[in-house]
Amino acid sequence: GGSGGGSGGGGGDPTGQQHRAAKVPLRSLGLPMGHVEVRDTLPTPAEVANFYLNPVGTPVLLKGAATHILQRTQVEDWTDEFLTKNYPNVKVEAEAERIETREAQARQMKLKKFLKRYRIKDKPLYSVTPISGSKLGGEFKLPPFFGCGKWLERLQSVILWLGDYETKSVLHNDDVDGMMCLLSGKKRWYYIDKRHYNKVQSKACGWNVADESGRGYGEFVRMKVDNVRPSLHACYNSTEWYHADMEAGDCLLTPTGWFHQVNSEGRALGLLMWLYPVPDFNHTSAEACASQAPDTTPLNQLSWLGDDEVSFLDRDEQWMARWFRENAPDHPYNDLLQDKQAPPSNDAHDRDDEGEDDTDEDRGGVRTDAGAADEED
């Protein structure tokens, strides 16, 4: 046998063990950095803008904050029985994956039908449904820190997430700020700071752009996140991971650009709001928010921009790129923004579901994420 590898000689691997190394969760390859910040009190609008949802903000877990987004109910009211009684004919988008690939076919069905089927153990479903144009949206309002000033001009979409058993998302990031409020179950989020975009958004780390590859939708890391070979994904070995543990009643703020992978446990029901980043939230904005009562308008009566504003940041004179140049010139995200002419499209599209029958509709693996409407009773 020669001095290299191969199947013979002392330097070889005749059993192939190196190539059949045990698979592990993706997050186990990196460096654990601990839990994100936790708050027991609501932040003010100024604190949200200055510490969490600004261009170099960090995620924060808000304990018990979900009570502040409910119009008339309590967190514990959000059972299947409550949904079946009050919203049986709301249309939902259902997918049949426990481990997300973004290649599964989405089906549309009435909520009452989904609730009968989603907890079948060998064929579980989960739903990610836009409710900005739905009767369900009337059950919710903005939290106090979003209910004033420029936040009201930046609402992108609002989503209801419902599933059972253990589900896992792909690793991805969003070009919008996000807030998830959990009404049932538990979720663990794993985060990578967006300053590592040049590593994560590379072919070596499995980054997939659906418009280029034809696989899935949006942009994400294309791999089964709980079943990866360390030798094939060594680029994550030095990656710093943060985590956030949510339980019913908690809300979690995620700044634009932060990579995240989410695991759900048990029956998990959550509300996800997306907002375009708010530029130039200054002292004047903070005073204006402090002097007015938060907006308590039901979410389905507010104006949601969806993803049609493809020149949204251009209209603000590329404020984010300017912010980084002026406030964080050494931040590696500058390199990305210099090449970014417009924000990428999100995965949301307005639609009108009025008048459809009760048959499942095949969506061909493309999710529709904004503006769902209810079927007439």
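Scope of this entry: the structure provided in the associated data block. (Residues numbered from 1 in each chain as written. Predicted model: local features only at pLDDT ≥ 70, side-chain atom pairs only at ≥ 80, totals over all residues. Heavy atoms only, no water.)

## Notes on the packing of aromatic side chains
Next up, step 1: According to the stated counting rule, one finds 13 aromatic pairs in the structure shown.
Next up, step 2: Consider the rings of Phe145 and Phe146, whose centres lie 4.8 Å apart with planes at 75 degrees: the pair is edge-to-face. Neither Phe145 nor Phe146 differs from the other in exposure class; each is buried.
Next up, step 3: Residues Tyr191 and Trp258 carry aromatic rings whose centres are separated by 5.9 Å and whose planes lie at 85 degrees to one another, so their mutual orientation is edge-to-face. You can see Tyr191 sitting in strand 10 (residues 177-192) and its partner Trp258 sitting in the loop between strand 14 (251-254) and strand 15 (259-275), a full 67 residues away along the chain. Each of the two residues, Tyr191 as well as Trp258, counts as buried.
Next up, step 4: Three or more aromatic residues link up through ring pairs in this structure, and these residues are Trp78, Phe82, Tyr87 and Phe140. (Phe/Tyr/Trp six-rings, centres within 6.5 Å; stacked < 30°, edge-to-face > 60°. Buried < 20%, exposed > 50% of the residue type's maximum accessible area, 1.4 Å probe, protein only. Helix = DSSP H or I, 4+ residues; strand = E, 2+ residues; numbered from the N terminus.)

## Here's the deal with unusual backbone geometry
In terms of backbone geometry, most residues other than glycine have negative phi values and most peptide bonds are trans.
Next up, step 1: Despite not being glycine, Arg102 has its phi angle at roughly 65 degrees, a positive value.
Next up, step 2: Along the chain, the position of Arg102 falls in the loop between strand 4 (91-95) and strand 5 (107-110).
Next up, step 3: Phi at Tyr165 is positive, roughly 65 degrees, even though this residue is not glycine.
Next up, step 4: With respect to the secondary-structure elements, Tyr165 resides in the loop between strand 7 (155-163) and strand 8 (167-168).
Next up, step 5: Taking relative accessible area as the criterion, Tyr165 reaches 25% and is therefore assigned partly exposed.

## Points about the environment of Pro294
Next up, step 1: Residue position: Pro294 is located in the loop between helix 6 (283-290) and helix 7 (312-315).
Next up, step 2: The spatial distance from the C-alpha of Pro294 to the C-alpha of Gly147 is 4.5 Å, given a sequence separation of 147 residues.
Next up, step 3: If we ignore the near neighbours within four places in the chain, the residues touching Pro294 are Pro144 and Gly147. (Contact = heavy atoms within 4.5 Å.)

## Description of the nonpolar core
Next up, step 1: Formed by 52 residues in total, the largest nonpolar core has its most connected members in Phe114, Phe140, Phe146, Trp151 and Leu253.
Next up, step 2: Setting aside its immediate chain neighbours within four residues, Phe140 contacts Ile69, Leu70, Gln71, Trp78, Ile131, Leu160, Leu183, Leu271, Thr297, Pro298 and Leu299. (Core = buried A, V, L, I, M, F, W, Y, C linked by side-chain atoms within 4.5 Å.)

## With respect to the state of the cysteines
Next up, step 1: A full pass over the atoms with the stated rule returns 3 disulfides.
Next up, step 2: One disulfide bridge connects Cys148 with Cys289, the sulfur atoms lying 2.0 Å from each other. The S-S bond linking Cys148 to Cys289 shows a torsion near 100 degrees; that makes this disulfide right-handed. Residue Cys148 is found in the loop between strand 6 (126-130) and strand 7, and its partner Cys289 is found in helix 6; the two are separated by 141 residues along the sequence. With respect to burial, Cys148 and Cys289 carry one shared label: buried.
Next up, step 3: Note that Cys205 is cross-linked by a disulfide to Cys235, the S-S spacing being 2.1 Å. Placement of Cys205 in the loop between helix 4 (197-200) and strand 11 (207-209) and of Cys235 in the loop between strand 12 (219-221) and strand 13 (240-247) is noted, with a sequence separation of 30 residues between them. (Disulfide = S-S within 2.5 Å.)

## Points about the pattern of salt bridges
Next up, step 1: Overall, the coordinates contain 13 salt bridges when judged by the stated rule.
Next up, step 2: For Lys63, the salt bridge goes to Asp250, with nearest N and O atoms at 2.9 Å. You can see Lys63 sitting in the loop between strand 3 (60-62) and helix 2 (80-86) and its partner Asp250 sitting in the loop between strand 13 and strand 14, a full 187 residues away along the chain.
Next up, step 3: Judged by relative accessible area, which is 27%, Lys63 ranks as partly exposed. (Salt bridge = Lys/Arg side-chain N within 4 Å of Asp/Glu carboxyl O.)

## Section: the environment of Lys150
Next up, step 1: Of note, Lys150 is situated in the loop between strand 6 and strand 7.
Next up, step 2: Remark: the alpha-carbon pair of Lys150 and Cys289, spanning 139 residues in sequence, is separated by 9.2 Å.

## With respect to the side chain of Lys168
Next up, step 1: Following the sequence through the fold, Lys168 ends up in strand 8.
Next up, step 2: Apart from the residues within four sequence positions on either side, Lys168 is in contact with Arg98, Ile99, Glu100, Val225, Asp226, Gln261, Val262 and Asn263.

## Thoughts on the side chain of Ser127
Next up, step 1: Mapping Ser127 onto the fold places it in strand 6.
Next up, step 2: Within the structure, Ser127 has its side chain in polar contact with the backbone oxygen of Glu93 (distance 2.9 Å).
Next up, step 3: Of note is the side chain of Ser127, whose polar atom sits 2.6 Å from the side chain of Thr129.
Next up, step 4: Non-local contacts of Ser127, meaning those with residues more than four positions away in its chain, are made with Val92, Glu93, Ala94, Phe114, Leu160, Trp161 and Leu162. (Polar contact = N/O pair within 3.5 Å; in protein donor to acceptor, adjacent residues only side chain to side chain.)

Note that all results are geometric; they support no functional claim without further evidence.
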